[in-house]
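# Report on the structure
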Amino acid sequence: MKGDRMGAEKVDNPLLIVEKKATFTKALVKGPVYGEKTFTRKDGQWREWVPKRSKLCAAIRKGMRQFPFDNDSTVLYLGAASGTTVSHVSDLCPEGMIFAVEFSPDTGRQLMLLAKKRGNIAPIIADANQPITYAPRVWPAEILYQDVAQRNQVDILKRNAQMLLKQGGTAFLCCKARSIDVARNPADIFAQVRGELKGMFQILEELDLRPFTMDHRFYVMRKL
Ligand code: SAM
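Residues numbered from 1 in each chain as written. Predicted model: local features only at pLDDT ≥ 70, side-chain atom pairs only at ≥ 80, totals over all residues. Heavy atoms only, no water.

With that settled, consider the domain arrangement of the protein chain. Its domain assignment divides the protein chain into domain 1 (8–50) and domain 2 (58–223). Taking the mean C-alpha position of each, domain 1 and domain 2 sit 21 Å from one another. Summed over both sides, the interface of domain 1 with domain 2 buries roughly 1700 Å², with 63% coming from carbon and sulfur. Remark: the boundary between domain 1 and domain 2 carries 1 salt bridge. For arginine 47, the salt bridge goes to aspartate 91, with nearest N and O atoms at 2.6 Å. Taken together, the connections running from domain 1 to domain 2 amount to 11 residue pairs in polar contact (both at pLDDT 80 or more). (Domains from an automatic or database assignment. Buried area = accessible area lost by both parts, 1.4 Å probe. Salt bridge = Lys/Arg side-chain N within 4 Å of Asp/Glu carboxyl O. Polar contact = N/O pair within 3.5 Å; in protein donor to acceptor, adjacent residues only side chain to side chain.)

Shown next as structure tokens:
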């Protein structure tokens, strides 16, 4: 596992700025989404991406090397909540599509409002345990991102990857040990998770997200 370092020299994307102490995405739509700072320069407005609010940003700050988000990527995002991280993925894939799945209709309401302002977000209120219910509405994705904090989170990821992630596509798993088993040693849980992921995925990176988020491992994988 890698230690603390900035990923600036690794993550190369014209819609992303990674400075020593802050990260920004180029706003697809002007204005803050969750109270983050913005600044404007000649090429448009930029929004601060706050690592304590987004595990994807925390992973960048912890030195993640893989960064498959392109202008036109199709992303299946499981556990979208109100759209904090989704909004930055939307900035990074302006001509792509983010299928954003959220279980809670209450939380999903804010996601719907966000999607009204951004044409590249398709909100889906559904249970990620049952990809069959939304598969007809989703295109095969190059990227699968999951942040659901459920006991069976590995199973959910595999089920969705099997149906909806292209071969060779990239899967990201925000794995929360306490959601799997609050009593067990997290190191044992993560060893088990690694074993369960192998077979379907090649694990490319495994990152500890502290100090931004406690108790999580962030896995970056390629679908075999
Ligand atoms: N990814 C979000 C972000 O960075 O902005 C935060 C996600 S929050 C930690 C986890 C979300 O997953 C919650 O909104 C929860 O309702 C949702 N969730 C949990 N189980 C789910 C399931 N089975 N299907 C879809 N969403 C689920």
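A few words on the pattern of salt bridges. By the definition in use, this model includes 12 salt bridges. Put simply, glutamate 142 and lysine 166 hold a salt bridge, and the shortest N to O gap is 2.9 Å. Taken together, the residues span a long stretch of sequence, with glutamate 142 in strand β8 (residues 141–146) and lysine 166 in strand β9 (residues 165–176) at a distance of 24 residues. Among the residues examined, glutamate 142 registers a relative accessible area of 29% and is labelled partly exposed. (Helix = DSSP H or I, 4+ residues; strand = E, 2+ residues; numbered from the N terminus. Buried < 20%, exposed > 50% of the residue type's maximum accessible area, 1.4 Å probe, protein only.)

We now examine the sheet that holds strand β7 (residues 121–125). Strand order in this open sheet of 7 strands is β7-β6-β5-β8-β9-β11-β10, and the pairing throughout is mixed. Each edge of the sheet is formed by a strand with only one pairing partner; in this case those strands are β7 and β10 (201–208). On average, each strand axis in the sheet is inclined to that of its neighbour by 15 degrees, with strand direction left out of account. Note: strand β6 (residues 97–102) against β7, 5 bridges, orientation parallel. The residue of β7 that forms the bridge with isoleucine 98 is isoleucine 121. (Pairing = 2+ DSSP bridges. Axes fitted to C-alpha atoms, helices over the stretch in contact; angles between N-to-C directions.)

Moving on, we get to the site of the ligand. Around the ligand, the structure places 16 residues, and the nearest of them are Tyr77, Thr85, Glu102, Ala128 and Gln150. Here an oxygen atom of the ligand sits 2.5 Å away from a polar atom, N or O, in the side chain of threonine 85. Here an oxygen atom of the ligand and a side-chain polar atom of glutamate 102 are 2.6 Å apart. When the ligand sits alone it has 610 Å² of accessible area, and the protein chains cover 82% of it. Taking a 2 Å distance to the grid points as the criterion, the majority of the atoms of the ligand fall inside the second largest pocket. Per-class residue counts for the shell around the ligand are 7 nonpolar, 5 polar and 4 charged. (Near = heavy atom within 4 Å. Areas by Shrake-Rupley, 256 points an atom, 1.4 Å probe, with all protein chains shown as cover. 1 Å grid on protein atoms, 1.4 Å probe; cavity = no way out; pocket = protein on both sides within 12 Å on 5 of 7 lines; lining within 4 Å. Sits in = over half its atoms within 2 Å of the grid points. Nonpolar A, V, L, I, M, F, W, Y, C, P; charged D, E, K, R; others polar.)

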